[in-house]
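# Structural characterization, general
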Amino acid sequence: MESRKPESVPDQPSLVRPYSLTSGRTNPAVELALEALIQAIPGTDDRARDLDNINATILELCKESPSVAEIAARVGVPIGVARVLVADLVEAGHVQILATLKDDSSDAERRELIERVLSGLREL
């Protein structure tokens, strides 16, 4: 009798599943830089119960004003998926994009933003 080897289970998660969270969409409705800080809009907790688990998790994280890159890392999805999900929350009025750097931003403002993003990534 010939023995069969069990089918192997992949070591890494499939990328198909995360993109199913966005119904296959890869372009966010709102342009988001990786370093953009996202903040939950006060009073949106009441509407959070209507969100699915991943969006509710993102909304909870946004109470700490993380960057888009940090959201992706904490939720465990590719950055493209995170950008689409965050953009959807922006359009729905759950979160807002905090002002990022402008062309005339001072060195101190640039340094502060870099330090915040690095600090958030180190916490992961």
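Residues numbered from 1 in each chain as written. Predicted model: local features only at pLDDT ≥ 70, side-chain atom pairs only at ≥ 80, totals over all residues. Heavy atoms only, no water.

Before going further, it helps to examine the overall build of the chain. Tallying secondary structure elements over the chain gives six helices and two strands in all. Ordered by position from N to C terminus, the α and β elements of the chain give α-β-α-α-α-α-β-α. Among the 124 residues that make up the chain, the fraction classed as buried is 34%. Considering only contacts in the chain between residues 6 or more positions apart, those separated by 24 or more positions represent 73%. Carbon and sulfur atoms form 49% of the exposed surface of the chain, whose accessible area is close to 8500 Å². (Helix = DSSP H or I, 4+ residues; strand = E, 2+ residues; numbered from the N terminus. Buried < 20%, exposed > 50% of the residue type's maximum accessible area, 1.4 Å probe, protein only. Contact = heavy atoms within 4.5 Å. Areas by Shrake-Rupley, 256 points an atom, 1.4 Å probe, with all protein chains shown as cover.)

Turning our eyes to something else, we now look at the nonpolar core. Grouped together as the largest cluster of nonpolar side chains are 23 residues, with contacts concentrated most on Ile38, Ile58, Cys62, Val86 and Val95. Counting only elements with at least two residues in this core, the list comes to β1 (38–40), α3 (53–61), α4 (68–75) and α5 (79–91). Ranked by the residues each element gives to this core, the list is headed by α5, at seven residues. Those residues in contact with Val95 that sit more than four places away from it in its chain are Ile38, Gln39, Ala40, Ile41, Leu59, Cys62, Val86, Leu89 and Val90. (Core = buried A, V, L, I, M, F, W, Y, C linked by side-chain atoms within 4.5 Å.)

With that settled, consider the pattern of salt bridges. Taken as a whole, this structure holds four salt bridges when the rule is applied. For Glu31, the salt bridge goes to Arg83, with nearest N and O atoms at 2.8 Å. Here the residue Glu31 occupies a position in the loop between α1 (16–20) and β1, and Arg83 occupies one in helix α5, the gap between them amounting to 52 residues. Here Arg83 falls in the buried class, since its relative accessible area comes to 18%. When the shortest N-O distance is used, the salt bridge between Arg74 and Glu70 registers 3.3 Å. (Salt bridge = Lys/Arg side-chain N within 4 Å of Asp/Glu carboxyl O.)

Turning our eyes to something else, we now look at the packing of α4 against α5. Running from N to C, α4 and α5 point in directions that differ by 110°, and their axes come no closer than 9 Å. In terms of orientation, α4 and α5 fall into the roughly perpendicular class. Crossing of α4 against α5: the hand is right-handed. Between α4, through Val68, Ala69, Ile71 and Ala72, and α5, the contact on the second element is made entirely by Ile79, Ala82, Arg83 and Val86. Class assignment of the residues belonging to the contact of α4 with α5 gives a composition of seven nonpolar, no polar and one charged. (Axes fitted to C-alpha atoms, helices over the stretch in contact; angles between N-to-C directions. Parallel < 35°, antiparallel > 145°, perpendicular 65-115°, else oblique. Left-handed = near helix turned anticlockwise from the far one by under 90°. Nonpolar A, V, L, I, M, F, W, Y, C, P; charged D, E, K, R; others polar.)

With that settled, consider the environment of Ser65. Mapped onto the fold, Ser65 is located in the loop between α3 and α4. As for Ser65 and Ile38, which are separated by 27 residues in sequence, their C-alpha atoms are 5.0 Å apart. If sequence neighbours within four positions are ignored, Ser65 has contacts with Leu37, Ile38, Gln39, Leu98 and Arg116.

This part takes up the confidence of the model for the chain. The share of residues in the chain with pLDDT of 70 or more is 82%, and the mean pLDDT across the chain is 79. Of the regions scoring below 50 in pLDDT, residues 2–11 engages in zero contacts with residues more than four places distant in sequence or in other chains. (pLDDT = per-residue confidence, 0-100.)

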